Protein chains: 2
Amino acid sequence: MEQVAELLKKIAPEIVREVENRYTILQNIYFYQPIGRRALAGIISWSERPLRSEIKKLEEQGLVEIEQKGMKVSVEGEDTINRLEDFIFYLRGLSPVARNIEEKFGCRHVIIVPGDSDKDETIKKQLGREAARNLLSFLKNGDIVAVTGGTTMAQVPHSMPPASGFNEVVVVPGRGGLGERVELQSNSIAAELAQKLGAQYRLLYVPDNLGSEAMESIVNEPGIKEVIATIRQASILLHGIGGAEEMARRRGMAEQQIEEILKKGAVAEAFGYYFNSEGSIVHATTSVGLSVMDLKNIRTVIAIAGGASKAPAIQAFLRYHRPTVLITDEGAARRLLYIEGGKRNDEQKDS
Amino acid sequence: MEQVAELLKKIAPEIVREVENRYTILQNIYFYQPIGRRALAGIISWSERPLRSEIKKLEEQGLVEIEQKGMKVSVEGEDTINRLEDFIFYLRGLSPVARNIEEKFGCRHVIIVPGDSDKDETIKKQLGREAARNLLSFLKNGDIVAVTGGTTMAQVPHSMPPASGFNEVVVVPGRGGLGERVELQSNSIAAELAQKLGAQYRLLYVPDNLGSEAMESIVNEPGIKEVIATIRQASILLHGIGGAEEMARRRGMAEQQIEEILKKGAVAEAFGYYFNSEGSIVHATTSVGLSVMDLKNIRTVIAIAGGASKAPAIQAFLRYHRPTVLITDEGAARRLLYIEGGKRNDEQKDS
DNA sequence: ATCATGCGGGTCAAATTTAGGCCCATGATT
DNA sequence: AATCATGGGCCTAAATTTGACCCGCATGAT
């Protein structure tokens, strides 16, 4: 497949753009369906007329269905999206990018989704889908799965196909809830995921940043204690890598303190710990549940993060710990290599 | 690769034409190089201006080099042609066509080159190249290779890469020379091929259609006798399938007799025998060298024929004998299935 | 039930791209 | 020395694409 992609780039480079365009259109219709022409044009920043022409072709191919209430992707189109994703991976030359990251960070497996979450909302769904796929491939009955929160992680259960045979699996949040929107909290995600998997779940409602006395008393509650014990035994971790500032703000950290830890060079956060770009811990907050120290005891760690802006956080996290799988997107991957090597700079602006 | 082709046809069907066009252009430049714009436009029946635009793109991709004396294909372009051929095979859906022929005629291996020899001279070169490849893959030292004549067969030695280690191989013509242009005679082809392979060769200069007394006396000449004995021991046969009328005419058969055998339904000829479309012998001429009766004793038979017009001859031959490999082109293959099954009619006119 | 919104589709002129056709200087071949 | 085919330039016409509308109509909210 990679060779075919290279061949096409040589013989007809224009079609590469064409195929990518149609992929983006199809993907966005799928994400927002049913959606109208004008709305879609706004989302992907096209003008209406050309978009219309492209969609007409897609409709003629039976990939898109047009109704009064809007356009949607046909079942054939859905299948085409999936197959296209793999192909575009090679078309954009992401294969060498993935290998590069694997080498530089000693990662076993790097998965890159074409696109950039910062620019295209639908990419997060792709990341979630990849995460779901990977989780399924690693999951065995009896496993304890810990998940973290965030917008990307929230996509994972949505993309998880209903499964069965995982009655003995337990899904837990990695830590206590954050003060964020409920649907992005690890608790919600854990519950949703467990439901999709037909698995059990335990939730942990403990606010972060408690005083040590209050923390101690809550942690010693029998129910809470049991959940925490379960979390500590997690064998699979689905971890959404978070940026330092973003996470600090989400947790309601004082503006002054945020400034302080940023001055210390914090770029990434994980389980209440803040890391600088070297992967060293520069700040720690009180927290219950998993700790970064537990990472090395977890059999399978699936790290997820997308968007060029997340690259520094990814870099920091990878330097601290080598996950089993890194799932990211093109924007983050290219930026990551850029800030890491400085050498292989092949960023591309428009997509 | 086949799946990628199907995918591309779905998402961007226009690219099929585009890729095929550029392939044809590249192939024809390669065949006639160095050649000018206008001449090339005449050959492939394009108007000059669009051809110019396409070639400009090919040049920008570094596939074509333009000099004062004409255009030629770069080394990279040459490589691209080869890789494109395989890809276009799937792009045109020739994979199922080949399988179909294999099934219907019980052929072990069918190779189809995209294009139609009737319309495009360069296709014969492709056929020759495939024949050369196949011959090499079957050839072992000690083999006796018999070849027949014709325009397609004449391309085989030209496309044969210089080889060595075949000192013990002997190349012979399948039969005595025909009264045709010397470079298309089996004798010439056998000699050229032997030279390319670094092999030995024996030639046989005996006119066809001799009276029986004359024939007998010539055949008993010691030198001739030895060559004929060698031919009879051939282990590999490269056979260009011939149409009945064409071959009869090439041999200088009387116009009246030609009409007669055609009335008997003759559509194909091989080694002096004429077959109807059922594969039955309807006429036989005196001839020295191989006979159709010897076919079954030959280990490897590579049959070659291209062009939609050859389809009836191919059909007749395949019904008489199942060659090890059939090498043909798209035009012949599709027509063959059309006249055979009547069902799977997916002919296409323009290419 | 009514209304407003967003939908697909139609239309038409402007802008851009592509095609046609010709000439020209040049370098190779005869 | 002369002829020929070559690539490149150029300009006009044609075709296509783009931009900017408007319209009737379902649908969902009021």
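Residues numbered from 1 in each chain as written. Chains lettered and ligands numbered in written order. Predicted model: local features only at pLDDT ≥ 70, side-chain atom pairs only at ≥ 80, totals over all residues. Heavy atoms only, no water.

Draft legend 1. Here's a closer look at the pairing of strand β11 (residues 281-284) of chain B. Residues and elements named next belong to chain B. Strand direction decides the pairing type here: strand β10 (residues 273-276) and β11, joined by three bridges, are antiparallel. Considered in β11, the bridge of Tyr273 is made with Ala284. In textbook terms, the turn of a hairpin is the stretch between consecutive antiparallel strands, and for β10 and β11 this stretch comprises four residues, one of which, Gly279, has a positive phi near 90°. (Pairing = 2+ DSSP bridges. Helix = DSSP H or I, 4+ residues; strand = E, 2+ residues; numbered from the N terminus.)

Draft legend 2. Spatial organisation of the packing of aromatic side chains. Residue and element names in this part refer to chain A. Following the criterion strictly, the structure yields six aromatic pairs over all chains and no others. Ring centres 5.1 Å apart and planes at 90° place the aromatic pair Phe89 and Tyr90 in the edge-to-face group. Under the relative-accessibility criterion, Phe89 is labelled buried at 15%. Taking 4.8 Å as the distance between ring centres and 55° as the angle between the ring planes, the aromatic pair formed by Phe275 and Tyr320 counts as tilted. Of this pair, Phe275 sits in strand β10 (residues 273-276) while Tyr320 sits in helix α14 (residues 311-320), and the two are 45 residues apart along the sequence. (Phe/Tyr/Trp six-rings, centres within 6.5 Å; stacked < 30°, edge-to-face > 60°. Buried < 20%, exposed > 50% of the residue type's maximum accessible area, 1.4 Å probe, protein only.)

Draft legend 3. Main features of the sheet that holds strand β9 (residues 266-270) of chain A. Residues and elements named next belong to chain A. As summarised here, the arrangement of the four strands in space is β8-β9-β10-β11, forming an open sheet in which the pairing is antiparallel. Each of the sheet's edge strands pairs with one partner strand only, and the pair in question is β8 (242-243) and β11 (281-284). Contacting β8, β9, β10 and β11, α14 runs over the sheet at an angle of about 60° to β9. (Contact = heavy atoms within 4.5 Å. Axes fitted to C-alpha atoms, helices over the stretch in contact; angles between N-to-C directions.)

Draft legend 4. Summary view of the side chain of Thr300(B). Residue and element names in this part refer to chain B. Within the element layout of this structure, Thr300 appears in strand β12 (residues 300-304). Residue Thr300 is classed as buried on the basis of its relative accessible area, which comes to 3%. Apart from residues no more than four positions distant in its own chain, Thr300 is found in contact with Phe138, Ser235, Ile236, Leu237 and Thr324.

Draft legend 5. Summary view of the protein's contact with DNA strand C. Neighbouring DNA strand C are 19 residues, the closest being Gly36(A), Arg37(A), Arg52(A), Met71(A) and Ser47(B). Atoms of DNA strand C within 4 Å of the protein: sugar and phosphate make up 45%, bases the balance. For DNA strand C, a phosphate oxygen lies 2.9 Å from a polar atom in the backbone of Gly36(A). In the environment of DNA strand C, a base nitrogen lies 2.4 Å from a nitrogen or oxygen atom belonging to the side chain of Arg52(A). Counting residues per element, the ones that place at least two in the surface near DNA strand C are α3 (37-43), α4 (48-60), β1 (64-67) and β2 (70-73) of chain A together with α4 (48-60) of chain B. Here the residues of the surface near DNA strand C are counted per class, giving five nonpolar, five polar and nine charged. (Near = heavy atom within 4 Å. Polar contact = N/O pair within 3.5 Å; in protein donor to acceptor, adjacent residues only side chain to side chain. Nonpolar A, V, L, I, M, F, W, Y, C, P; charged D, E, K, R; others polar.)

Draft legend 6. Examining the domain arrangement of chain A more closely. All names here are of chain A. Each assigned domain of chain A is listed here: domain 1 (2-88) and domain 2 (93-340). Domain 1 puts eleven residues into the contact, and the matching count from domain 2 is 14 residues. Buried area between domain 1 and domain 2, summed over both chains or domains, comes out near 1,100 Å², and the portion from carbon and sulfur atoms is 43%. Three residues stand out in domain 1 for area buried against domain 2, namely Gln27, Phe31 and Glu85, and they jointly supply 49% of the buried area on that side. Across the domain 1-domain 2 interface, the total number found is two salt bridges. One salt bridge connects Arg129 with Glu85, and the closest N-O pair in it is separated by 2.3 Å. Linking domain 1 to domain 2 there are four residue pairs in polar contact (both at pLDDT 80 or more). At the level of secondary structure, the elements contributing two or more residues to the side of domain 1 that touches domain 2 comprise α1 (2-11), α2 (13-32) and α5 (75-91). (Domains from an automatic or database assignment. Buried area = accessible area lost by both parts, 1.4 Å probe. Salt bridge = Lys/Arg side-chain N within 4 Å of Asp/Glu carboxyl O.)

Draft legend 7. Structural context of the protein's contact with DNA strand D. Among the 18 residues in the neighbourhood of DNA strand D, the closest are listed as Ser47(A), Arg37(B), Arg38(B), Arg52(B) and Met71(B). Backbone sugar and phosphate groups make up 47% of those atoms of DNA strand D lying within 4 Å of the protein. Separating a base oxygen of DNA strand D from a side-chain N or O atom of Gln68(B) is a distance of 2.9 Å. Residue assignment for the surface near DNA strand D shows that the elements contributing at least two residues are α4 of chain A together with α3 (37-43), α4, β1 (64-67) and β2 (70-73) of chain B. Top element by residues in the surface near DNA strand D is α3(B). It accounts for three residues. Within the surface near DNA strand D, the residues separate by chemical class into five nonpolar, five polar and eight charged.

Draft legend 8. Broad picture of the packing of α14(A) against helix α15 (residues 330-341) of chain A. Residue and element names in this part refer to chain A. Relative to each other, α14 and α15 sit at 65°, their axes nearing to 8 Å. Taken together, the axis directions place α14 and α15 in an arrangement best described as roughly perpendicular. Our pair here, α14 against α15, has a crossing hand that is right-handed. Between α14 and α15, the residues in contact are Ala311, Pro312, Ile314, Gln315, Leu318 and Arg319 and Ala332, Arg335, Leu336, Ile339 and Glu340, respectively. Here the residues of the contact of α14 with α15 are counted per class, giving seven nonpolar, one polar and three charged. (Parallel < 35°, antiparallel > 145°, perpendicular 65-115°, else oblique. Left-handed = near helix turned anticlockwise from the far one by under 90°.)

Draft legend 9. Up close: the sheet that holds strand β4 (residues 144-147) of chain B. Residue and element names in this part refer to chain B. Sheet architecture is open: seven strands sit in the order β3-β13-β12-β7-β4-β5-β6, paired in parallel fashion. Lying at the two open borders of the sheet, with one neighbouring strand each, are β3 (109-113) and β6 (200-201). Taken together, the five bridges between strand β7 (residues 236-240) and β12 define a ladder with parallel strand orientation. Paired with Gly240 across the two strands is Ile304, which belongs to β12. The sheet strands contacting helix α9 (residues 186-197) are β4, β5 (170-173), β6 and β7, and the helix crosses β5 at an angle near 165°.

Draft legend 10. Structural context of the interface of chain A and chain B. If you look at the interface, chain A gives 25 residues, while chain B gives 25 residues. Taking both sides of the interface into account, the surface hidden between chain A and chain B amounts to around 2,200 Å²; carbon and sulfur atoms contribute 69%. Three residues, Leu7(A), Lys10(A) and Ile11(A), lead the burial of chain A against chain B; their summed loss comes to 31% of the area buried on that side. Ionic pairing is found between Lys10(B) and Glu76(A), a salt bridge with its closest N-O pair at 3.2 Å.

Draft legend 11. Broad picture of the nonpolar core. Grouped together as the largest cluster of nonpolar side chains are 58 residues, with contacts concentrated most on Leu8(A), Val19(A), Phe87(A), Leu8(B), Ile11(B), Leu40(B) and Phe87(B). Phe87(B) has contacts with Val4(A), Leu7(A), Leu8(A), Met1(B), Ala5(B) and Leu8(B), leaving out every residue within four places of it along the chain. (Core = buried A, V, L, I, M, F, W, Y, C linked by side-chain atoms within 4.5 Å.)

Draft legend 12. Local environment of the side chain of Gln126(B). Here Gln126(B) is to be found in helix α7 (residues 122-138). Sequence-distant contacts of Gln126(B), defined by excluding residues within four places in its chain, comprise Tyr23(B), Gln27(B), Glu85(B) and Val113(B).

Draft legend 13. Representation of the pattern of salt bridges in the model. This model, assessed by the stated rule, comprises 50 salt bridges over all chains. A salt bridge links Glu14(A) to Arg22(B), with the shortest nitrogen-to-oxygen separation between them at 2.6 Å. Note that Glu14(A) is positioned in helix α2 and Arg22(B) in helix α2 (residues 14-32), a pairing that runs across two chains. Exposure remark for Glu14(A): the relative accessible area of 34% places this residue in the partly exposed category. Residue Arg22(B) is classed as buried on the basis of its relative accessible area of 0%. Two residues, Arg299(B) and Asp143(B), come together in a salt bridge whose shortest N-O distance is 2.4 Å. Of the two residues, Arg299(B) is situated in the loop between β11 and β12 and Asp143(B) in the loop between α7 and β4; the sequence distance between them amounts to 156 residues. Overall, the relative accessible area of 40% leaves Arg299(B) in the partly exposed class. For Asp143(B), a relative accessible area of 6% translates into the label buried. Connected through salt bridges with shared partners, the residues Glu14(A), Glu18(B), Arg22(B), Glu54(B) and Lys57(B) form a single ionic network.

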